[in-house]
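Read off the chains here:
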Amino acid sequence: MEKKSIKVNALFSLIQSISAVIFPLITFPYISRIFGVEQLGKYNYAKNFVEIFATIAMLGIPTYGQREGAKVRDNRKELSNLMSELFSLSMLSNAIAMLTLYLATYAVDAFHSYALLIVIFSVTIPMTTIGMSWLFVVFEDYNFTTILGIIFNILSVVTMFLFVRTRTDIYLYAFITVIASCGSNLIKFVYSKKYCDIKLTFHINFRRHMKPILLMFSAYISVMIYNKTDTALLGVMGSDYNVGIYSVSTKVYNLVKSCLLALSNVLQTRAVLLAVQGNREKSDEFLSKSFNMMMTFVIPCMVGMAFMNKDIILFIAGKDYLEAGISMIILSCSLFFALFSTMHSSTILIPYGREKVTLNGAIIGAVVNLLLNFIFIPIWKENGAALTTLIAEATVFLIYLRVTKQYYTHLNGIQTMLQCLAGSAGIVLVLFIFRDWEINIVIRIIVKICASAIVYFVLQIITKNRIVIDLLDNALKKINMNLGGKVK
């Protein structure tokens, strides 16, 4: 099979992630003002509750499917058998998860007021499996999924502005978001026949699949505890108002994180292939460069998110949500640990068959998060939830690091970090200069981001950050080649 360019894949993955940021930035300011804090809290509580069951329904199959699919992607028959078995297993787990979700909603009185929202969101559980996103990762087909996602996002945004006008339209808004997701997943399923033939089957090799799937599933459940239960517990020990405030912080945190994870998503398939080939030296160089690149972009994003929290909140939610500032600053610190934990897991631990380390780290992180939530949330509400997330992510990162550091010995981590911190000091200086600048909020944010980015990357060049210099050299070479071609 033709080897696809990591740079091209990274570009499409980045576009996909940026679109995932841009469209919520378009819709969230409108929705937060239409619904208000409490209605927004209700919407996010129901969505978060369903996502817990959706995570359970996935069973860790997507990650397992990516790893095993990468090994046999050049053999259509083997790949078709593998994907059919995983698809059938996933649909079975979906049915069980949905039944449990509906029973819980019916049995617990506290969930009755959220029942209709829960039913609407529950449709996404089987549709996620039907979308077979992990198959497209196996074949590094990011262009199709990116374009498809953008089209349905545009349709969703247009429909929202046309029909969602009052606080009572919360159910219509939920329906619109679900339809957009379902539509794209149905098209993905039809398009998947380009790569393999997927069908429901009762002939599932449970002996082969269940042990690694359950290990990954256990890790997912543990991660879910400190990604989802903070909002659930905040709703129980706080109020819809606290959930509404916290949803702004987590919205920004997850949007920034998803953008930065674009690189990790692209690298996973290539990391699996290198692990299967057993080329440890090439894998070492590949991983070291990848981690240096991630560090170069993560640290300035952390600083920008923390020091621009007021502007960001005013833009996406309005002055009623300014209390989210502290929790956003805390979550910005969590970005570093969350992103590098994910990269350690997806590009090292899983490709090299170290799922038990992933599981152990996730379990310990979940226990730490759960215990601290019961201590911190009653005292500090949404700020306590953010603090437990930070501590849990840092704990998981340190556990993974003990095992994974042997796989990337060419990292130059301290040098890269010092270069990034020098550039981040420049960002802080720029934001300090513009701190009292009274102008349209959109223009203010754009100017601050652009000025900060220019100062940061200039300082990276001055301090000789190898990643930035290589990216610049490659860009200049391509420009010269294109200009040379036109001259001819």
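The rules we used
Residues numbered from 1 in each chain as written. Predicted model: local features only at pLDDT ≥ 70, side-chain atom pairs only at ≥ 80, totals over all residues. Heavy atoms only, no water. Phe/Tyr/Trp six-rings, centres within 6.5 Å; stacked < 30°, edge-to-face > 60°. Helix = DSSP H or I, 4+ residues; strand = E, 2+ residues; numbered from the N terminus. Buried < 20%, exposed > 50% of the residue type's maximum accessible area, 1.4 Å probe, protein only. Lys NZ or Arg CZ within 6 Å of the ring centre and 35° of its normal. Axes fitted to C-alpha atoms, helices over the stretch in contact; angles between N-to-C directions. Parallel < 35°, antiparallel > 145°, perpendicular 65-115°, else oblique. Contact = heavy atoms within 4.5 Å. Nonpolar A, V, L, I, M, F, W, Y, C, P; charged D, E, K, R; others polar. Patch = residues over 30% accessible without salt bridge, like charges linked within 9 Å, V, L, I, M, F, W, Y side chains within 5 Å. Areas by Shrake-Rupley, 256 points an atom, 1.4 Å probe, with all protein chains shown as cover. Salt bridge = Lys/Arg side-chain N within 4 Å of Asp/Glu carboxyl O. Core = buried A, V, L, I, M, F, W, Y, C linked by side-chain atoms within 4.5 Å.

1. Considerations on the packing of aromatic side chains
- Counted according to the given criterion, the structure contains 23 aromatic pairs.
- Ring centres of Phe291 and Phe340 lie 5.9 Å apart, and the angle between their planes is 25°; on these two criteria the pair is classed as stacked. Of this pair, Phe291 sits in helix α11 (residues 280-307) while Phe340 sits in helix α13 (residues 325-349), placing them 49 residues apart in sequence. Taken individually, Phe291 and Phe340 each receive the classification buried, so the pair is uniform in this respect.
- Here the aromatic rings of Phe376 and Trp380 are separated by 5.3 Å at their centres, their planes lie at 45°, and the arrangement is tilted. Within this pair, Phe376 and its partner Trp380 are both found in helix α14 (residues 355-380), separated by 4 residues, close to a single helical turn.
- Here the aromatic cluster, defined as three or more aromatic residues joined through ring pairs, consists of Phe136, Phe139, Phe144, Tyr191 and Tyr195.
- Lying over the aromatic face of Phe432, Arg435 brings its terminal NZ or CZ to 3.9 Å of the ring centre.

2. Comments concerning the packing of helix α3 (residues 76-107) against helix α4 (residues 115-122)
- Their axes nearest at 11 Å, the elements α3 and α4 cross at an angle of 175°. Classed by the angle they form, the pair α3 and α4 counts as roughly antiparallel. Packed against α3, whose contacting residues are Met98, Leu101, Tyr102 and Thr105, the element α4 presents Ala115, Ile118, Val119 and Ser122 at the interface.
- Taken together, the residues of the contact of α3 with α4 sort by class into 6 nonpolar, 2 polar and no charged.

3. Comments concerning a nonpolar patch on the surface
- Together, Ile154, Val158, Leu162, Phe163, Leu172, Phe175 and Ile179 give the surface a local cluster of nonpolar side chains, amounting to about 640 Å² of exposed area.
- Secondary-structure elements contributing two or more residues to the nonpolar patch are α7 (142-163) and α8 (170-191).
- Ranked by residue count, the leading element in the nonpolar patch is α7, at 4 residues.
- Residue placement: Phe163 occurs in helix α7.

4. Points about the pattern of salt bridges
- Under the criterion given, the structure shown has 7 salt bridges.
- Asp197 serves as the salt-bridge partner of Arg76, at 3.1 Å between the closest nitrogen and oxygen. Taken together, the positions of Arg76 in helix α3 and Asp197 in the loop between α8 and α9 (206-237) put the pair 121 residues apart, joining distant regions of the chain.
- Assessed through its relative accessible area of 36%, Arg76 is described here as partly exposed.
- Since its relative accessible area comes to 42%, Asp197 is described here as partly exposed.
- Within the structure, one salt-bridge network assembled from shared partners comprises Arg67, Glu68 and Arg208.

5. Brief notes about helix α5 (residues 124-131)
- Where burial is concerned, most of α5 is hidden: 6 out of the 8 residues are buried.
- Of all the positions in α5, only Ile125, Pro126, Met127, Thr129, Ile130 and Gly131 are classed as buried.
- Where α5 terminates, the next one or two residues include Met132, which has phi positive at roughly 50°.

6. Some thoughts on the packing of α4 against α8
- Here α4 crosses α8 at 10°, and the two axes come no closer than 9 Å. Judged by the inter-axis angle, α4 sits roughly parallel to α8. Residue-level contacts link Leu116, Leu117, Ile120 and Phe121 of α4 to Ile170, Tyr171, Ala174, Phe175, Thr177 and Val178 of α8.
- In terms of residue class, the contact of α4 with α8 is built from 9 nonpolar, 1 polar and no charged.

7. Concerning the nonpolar core
- Ranked by internal contacts, the top residues of the largest apolar core, which has 113 residues, are Met83 and Leu135.
- Top contributing element to this core by residue count: helix α1 (residues 6-58), with 14 residues.
- With residues up to four places along the chain from it excluded, the contact list for Met83 reads Gly65, Gly69, Met132, Trp134, Leu135, Val138, Cys196 and Ile198.
- Formed by 9 residues, the second largest nonpolar core is a distinct cluster that contains Leu215, Leu349, Val357 and Val396.

8. Overview of the environment of Tyr241
- In this structure, Tyr241 sits in helix α10 (residues 240-277).
- Measuring from C-alpha to C-alpha, the distance between Tyr241 and Lys42 comes to 8.9 Å, with 199 residues separating the pair along the chain.
- Beyond its immediate sequence surroundings of up to four residues, Tyr241 is in contact with Val37, Asp320 and Glu323.

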